[in-house]
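The lines below spell out each chain.
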4 protein chains.
Amino acid sequence: MAGSTFGEIFRISTWGESHGKGLGVVVDGCPAGIELCEEDIQKFLDRRKPGQSQFATQRSEDDAVEIMSGIFEGKTTGTPISMIVYNKTQRSSDYSEISNYYRPGHADYTFDKKYGFRDYRGGGRSSGRETIGRVAAGAIAIKILESLNITVTAYAKSIGNIEIDYENFSMVDARSNPFSMPDKEAAEKVAEYAKQKMSDKDSIGGIIECVVKNMIPGIGEPVFEKLDANLAKAIMSIGAVKGFEIGDGFEAAKVTGLINNDHFRCDTDGNVSKESNHAGGVLGGISDGTDIIFRAAVKPTPSIAAIQSTIDRQGDNIEVSIKGRHDPIIVPRAVVVVEAMAAISLVDMIFIGMTSKIDDIVDFFNRKE
Amino acid sequence: MAGSTFGEIFRISTWGESHGKGLGVVVDGCPAGIELCEEDIQKFLDRRKPGQSQFATQRSEDDAVEIMSGIFEGKTTGTPISMIVYNKTQRSSDYSEISNYYRPGHADYTFDKKYGFRDYRGGGRSSGRETIGRVAAGAIAIKILESLNITVTAYAKSIGNIEIDYENFSMVDARSNPFSMPDKEAAEKVAEYAKQKMSDKDSIGGIIECVVKNMIPGIGEPVFEKLDANLAKAIMSIGAVKGFEIGDGFEAAKVTGLINNDHFRCDTDGNVSKESNHAGGVLGGISDGTDIIFRAAVKPTPSIAAIQSTIDRQGDNIEVSIKGRHDPIIVPRAVVVVEAMAAISLVDMIFIGMTSKIDDIVDFFNRKE
Amino acid sequence: MAGSTFGEIFRISTWGESHGKGLGVVVDGCPAGIELCEEDIQKFLDRRKPGQSQFATQRSEDDAVEIMSGIFEGKTTGTPISMIVYNKTQRSSDYSEISNYYRPGHADYTFDKKYGFRDYRGGGRSSGRETIGRVAAGAIAIKILESLNITVTAYAKSIGNIEIDYENFSMVDARSNPFSMPDKEAAEKVAEYAKQKMSDKDSIGGIIECVVKNMIPGIGEPVFEKLDANLAKAIMSIGAVKGFEIGDGFEAAKVTGLINNDHFRCDTDGNVSKESNHAGGVLGGISDGTDIIFRAAVKPTPSIAAIQSTIDRQGDNIEVSIKGRHDPIIVPRAVVVVEAMAAISLVDMIFIGMTSKIDDIVDFFNRKE
Amino acid sequence: MAGSTFGEIFRISTWGESHGKGLGVVVDGCPAGIELCEEDIQKFLDRRKPGQSQFATQRSEDDAVEIMSGIFEGKTTGTPISMIVYNKTQRSSDYSEISNYYRPGHADYTFDKKYGFRDYRGGGRSSGRETIGRVAAGAIAIKILESLNITVTAYAKSIGNIEIDYENFSMVDARSNPFSMPDKEAAEKVAEYAKQKMSDKDSIGGIIECVVKNMIPGIGEPVFEKLDANLAKAIMSIGAVKGFEIGDGFEAAKVTGLINNDHFRCDTDGNVSKESNHAGGVLGGISDGTDIIFRAAVKPTPSIAAIQSTIDRQGDNIEVSIKGRHDPIIVPRAVVVVEAMAAISLVDMIFIGMTSKIDDIVDFFNRKE
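Residues numbered from 1 in each chain as written. Chains lettered and ligands numbered in written order. Predicted model: local features only at pLDDT ≥ 70, side-chain atom pairs only at ≥ 80, totals over all residues. Heavy atoms only, no water.

Chain A is annotated in an unreviewed UniProt entry as Chorismate synthase from [Clostridium] fimetarium. According to UniProt, the comment filed for chain A under the heading Pathway (unreviewed entry) is "Metabolic intermediate biosynthesis; chorismate biosynthesis; chorismate from D-erythrose 4-phosphate and phosphoenolpyruvate: step 7/7." Of the comments in the UniProt record for chain A, the one headed Sequence similarities (unreviewed entry) reads "Belongs to the chorismate synthase family." (UniProt positions renumbered as here; feature names shortened; annotations may be inferred.)

Right, dumping it as structure tokens:
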């Protein structure tokens, strides 16, 4: 129940504050024998790194990961993998001002209510930098999924009111534009919109969609540890995420059963498929073998330079303008965090899914002899 | 990780199938000294009971709860509370037909993939009757919340495309109409729409909104056991729920920071409030003391009498029409399940929240001496 | 953390008090496909049943188990298995006297300190009847172990000061004498000793030894979820158990490394064995494939008819003589409880052990396709 | 269930191998507001440091701890506390020899069986250095207990066959002699014995006793999360511990109820005490407010220079003599590890104990307003 641990069998424990000595994660329950080096982790961390476009914070952060344990001769040993990213630039002085008031849309007020005080430097533990540990752990989870041929791909489905269709999809485009949006034309519209809002000292939100391909069927533990319930928790635990939906999600609530039900069919080779995938790859909380598709609603960055009213710790009503270098839009950098959390949740569920049938278990141990 | 357990400190374990001997729940970690009798539970079970209107299944189910343990002289003892509802009508013969094929939109196929076979009678464990254990446990959680002055109220926010405003709210209306919709006019429109879809042998979905009033601030454990992440898992674990959002949810993704940020203010008595509540009562995963507001998207009932194509266990493509007495719309009966799961999640989070500050802990034990 | 749940993947939740309506257990995470009927459970419950000899309480308890869920067509479905034993004889009047004082060696005082009051009838939740749920769940765990060819056998190693050698072992004798002691001669000595202590209105303790044969090597999760650490918790959670040791246990603390180290050897067929088993089948918290041997120290029954001094709830010093039908020696009936808890712990550890190596995991899913 | 995590509310995750870059721990769920600096941790690490006498390994290890997160302005913030000890001397070449064979009494064989291979340098994860993380986390737990006036003190109760009485106790002596034995005379006998066994290239075991004073009554969660069951797991998870007993432990199994029952008494001030403490401070798994006393059996160090037979990875029977600098007796250095694990377990149980009574919970939140 301790708050910075996620997962039961494949379990991660993250730590670190925005302006502390560093941030990191301990990955416990990782199977032995996976080839793993720092570059495997670094390439994912680089995707969440700031300063990569004019639409992201211009802070320069290196975020070089160091693996401290759990690897021997290039492979995971089955023991905990500890990873650290040291904080290079800790200019705490930037933040002395916000120590005394509660930024709207931030966790300043609630941290004070809960803990009595807070590390106010750069948001402390509630900073977006907290996701470094998630992404580092997620890189390992994604490696495990890859060994099972499962891929996890997230991208910006919409930013502001600019939305793309699943059909126009080009992941090459997504990786090459600063919005992680797999539709060149839409991305250009977003650039226009973003520039305007930046000049207004305002910020933008958006929706991230994630597709899991080649998912193993039969994964998920009814009735509480359903695959989608676990994914929901994993994704909703990401800062700034205010909603989660799987398949048609909230749209499903508006249509009728005749429209929403996916019909099974079987081809001549005996392969089972569905004529549609309104369910998003999950039935009764268990994967059905089709693509898992879910979306996360990301709120606009709360840190804006425009003037806002709020209160200080003494209870005085004041007006503030948040200084510092902030992302006008968090969606593009959050894409890899969504992939990471989805992968971590899936690995945990897949592992537990190995014990569903006694025959499979007996067979597993008989073959090991 | 076992699938039918929810919660860590306040923990429930549900069991039972639609057509087995009964269904029930064990509530572990319930504090001692709460006045509790079967009537306290029964009134919540009665709200989920079928057959209460022409828009619900006409199956007659008594669903009388029996408390088996954990109560002595009218009070909880701190030991597990076991509750049972016996199944009265177990006409398994009704279901012999569906044993051999996979109903679209149901968990038949995924249960077979996961477990190798399934109890097909009435959906077995994936039946809506599984929620009996949740509601019985939720009744206790709600009692605990009441002792802390916290209330949890859910209702139909929309059914099909008919949606109500938060402002037109009358819970008296909600309890008196068959749709749990706190707006008489809207409820009448829904009745028209429902009648039409029933004559089409089709079904309807909707959105349930839930409001938690007088919530204690400072509850929620960043970064993974955030209050909203836990609620999301609790609610997404309910069958037929395809989406969860808190506060403005998916709408927040479309607006800008200037619109979405809630400004704090302090009145002359020193009470802190927010000028708006786009966040839904949670900042950084911790309650801020304002109303917690979240919504759940409920898909249309998958059991419909209209003809659908699907496959049987042998892999043949067939056409089916689901027989039996099914709810054309599950939303009204799911309202109390949403309240139950929210309450269970909140109690667990509130209990863990007692250990946030060392001074509070020391004070707690000093006063007990 | 809720106290009446044990296990993570294979998880049991017990409930019930000595004089409530009944006692039971929910077994969650049991794999699908295991043949299981009430007789499989009943034969284990019968072994813990009282009234089987003059050396056990003469209470007559039927303790007939009823399986409420999780079985379909004679097999486990993978969903929770709920089992109930109704209490037949609830003569609460017998216990009105003890409601007001604290029996020495019992949990009366601590329950009052913890919960504010207690169900005093027959010890309530702290009664030995609480083990009914453990034994019922253990019967299923033992079935799972049997399918992996693993056997768990416990017996009385010593009663009072009468101790037997591992060599004189005859389980046929153990099952046929009232002390579960696999040495006829020793059992006769115990009978003499027990008669004497019963006439003194006194009670006796003893040591239970348990041997797990054909254990899978490589099971146990360092560094905290070691196989022996888990077994220790499982066994120490049984009422009246005051000590746990594995292999040579406390004797190992007195000898030197040269004596205590077990030497590996390899025969011409490539089979690895050890020349001795001082370790008790566990090295570094992981099973080594040899017999797991552990012991539990069981204190003498605290309920004795001899006069003892104690206090009442008002704080007056008083003298009492515990009335009612109590076991003068709990060891024989606890033997099956030790087997049950060991089996439950082992199944949980074996299941988690399936995820130790990535190659085994990949192979598992590849073969399922 | 992941193996390197311990505790539910107060949760630690340790990581690191003997010859990796370092070792450490993440402490999650630590309350905010505790004054904490590196010196608070270091003094406990110094007690487990090797090279402090001729009877300990002469390796020189600095083991300087660095706190990476969770502290702000000298106080815990409620967020995870990450602590690291870098490994200074990583002469892996020393260990090339043991990479190919299985040392008797070590986890080499079982690690290979479980994970397929192992980090053989200095024992890797199964090295005694793994306890660094435990001791660092334990230092924080002990601080929390101190704020509740609870003290945890362990010492060598016996080494080889030299045993001391509880009465001759002088903790001043214990801290000043190399055996942590609070009886000067006995410690001198141990020195003689140890010198002899060292010259025999042999090693010695012993028994550690631990006393918890001023324990809060009412702590412990029947029936599985009993205080003693949790302590047993915590202590048995320490490498080399082969047995655990509470109160009279295995001796209790030999006596009768009349001897073993502790009689309550109440003095004129209304204070409840017991005339004896055979139970070791726990009744029915719940603390009774008297001293908690338990013992751990520590086996002789398996690494000895004397010649032993074993097998290599190819299955050949060979003879070996373990080289390197090893403790001839691990007991003195394990004393602080026992204190650490006991404290961690107790803090977790005390926190959960805050939710036993509804009145206490309501009172807690009412007072916070």
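Draft legend 1. Just the nonpolar core, in detail. Ranked by size, the top nonpolar core spans 377 residues in total, and within it Phe10(A), Phe10(B), Phe10(C) and Phe10(D) carry the most contacts. Once residues lying within four places of it in the same chain are set aside, the contact partners of Phe10(D) are Val27(D), Asp28(D), Gly29(D), Cys30(D), Ala137(D), Ile140(D), Ala141(D), Ile144(D), Ile344(D), Val347(D), Asp348(D) and Phe351(D). (Core = buried A, V, L, I, M, F, W, Y, C linked by side-chain atoms within 4.5 Å. Buried < 20%, exposed > 50% of the residue type's maximum accessible area, 1.4 Å probe, protein only. Contact = heavy atoms within 4.5 Å.)

Draft legend 2. How the structure looks around the relation of the copies chain A and chain D. Mapping chain A onto chain D leaves a residual RMSD of 0.0 Å; the transformation is a rotation of 180° accompanied by 0.0 Å of translation along its axis. The operation mapping one copy onto its partner corresponds to a two-fold rotation axis. Here 100% of the contact residues of chain A are again contact residues in chain D; the copies associate through an equivalent surface. (Least-squares fit on C-alpha atoms with pLDDT ≥ 70 in both.)

Draft legend 3. A look at the packing of aromatic side chains. Taken as a whole and judged by the stated rule, the model has 39 aromatic pairs over all chains. Relative to Tyr109(D), the ring of Phe264(C) has its centre 5.0 Å away and its plane inclined at 45°; by these criteria the two rings are tilted. A residue pair is termed interchain when its members come from two chains, as with Phe264(C) in strand β12 (residues 264–266) and Tyr109(D) in helix α2 (residues 108–115). Judged by relative accessible area, Tyr109(D) falls into the buried class, the value being 8%. Taken together, the ring pairs in this structure connect Phe364(A), Phe365(A), Phe364(C) and Phe365(C) into an aromatic cluster. (Phe/Tyr/Trp six-rings, centres within 6.5 Å; stacked < 30°, edge-to-face > 60°. Helix = DSSP H or I, 4+ residues; strand = E, 2+ residues; numbered from the N terminus.)

Draft legend 4. Broad picture of the interface of chain A and chain D. Contacts between the two partners involve 45 residues from chain A, matched on the other side by 45 residues from chain D. The junction of chain A with chain D conceals about 3500 Å² of combined surface from both sides, 59% of it contributed by carbon and sulfur atoms. Along the contact surface separating chain A from chain D lie four salt bridges. Its salt-bridge partner being Glu66(D), residue Lys21(A) comes within 3.3 Å of it at the nearest N-O pair. (Buried area = accessible area lost by both parts, 1.4 Å probe. Salt bridge = Lys/Arg side-chain N within 4 Å of Asp/Glu carboxyl O.)

Draft legend 5. Main features of the interface of chain C and chain D. On the side of chain D, 107 residues touch chain C, which itself brings 107 residues to the contact. If you look at where chain C meets chain D, you find four salt bridges. A salt bridge links Glu225(D) to Lys233(C), with the nearest nitrogen and oxygen atoms 3.0 Å apart. Counting the contacts that link chain C with chain D gives 45 residue pairs in polar contact (both at pLDDT 80 or more). Of the residues contributing to the side of chain C that touches chain D, the split by class is 47 nonpolar, 35 polar and 25 charged. (Polar contact = N/O pair within 3.5 Å; in protein donor to acceptor, adjacent residues only side chain to side chain. Nonpolar A, V, L, I, M, F, W, Y, C, P; charged D, E, K, R; others polar.)

Draft legend 6. Helix α1 (residues 38–48) of chain D, seen in detail. Listed in full, the buried residues belonging to α1(D) are Asp40(D), Ile41(D), Gln42(D), Phe44(D), Leu45(D) and Arg48(D). Close packing links the buried residues of α1(D) with β4 (65–67), β7 (81–86), α3 (131–147) and α8 (331–352) of chain D.

Draft legend 7. Region of the structure containing the pattern of salt bridges. Residue and element names in this part refer to chain A. In the structure shown here, the tally under the stated rule is 106 salt bridges over all chains. A salt bridge links aspartate 262 to lysine 274, with the shortest nitrogen-to-oxygen separation between them at 3.6 Å. With a gap of 12 residues between them, aspartate 262 in the loop between α7 (257–260) and β12 (264–266) and lysine 274 in strand β13 (residues 272–274) connect regions that are remote in the sequence. Across the pair, exposure class does not vary: aspartate 262 and lysine 274 are buried alike. The structure contains a network of salt bridges with shared partners spanning Arg103, Asp108, Asp112, Arg118 and Arg313.

Draft legend 8. A look at the UniProt feature "binding site: FMN" (unreviewed entry) in chain A. All names here are of chain A. UniProt records the feature "binding site: FMN" (unreviewed entry) for Arg125, Ser126, Ser127, Gly284, Lys299, Pro300, Thr301, Pro302, Ser303 and Arg325 in the present numbering. Look at the named residues: they lie 201 residues apart in sequence, and the longest C-alpha span between them is 44.6 Å, so in the fold they stay spread out. Mapping serine 126 onto the fold places it in the loop between α2 (108–115) and α3 (131–147). Filtering out sequence-adjacent residues up to four positions away, serine 126 remains in contact with Ala107 and Phe111.

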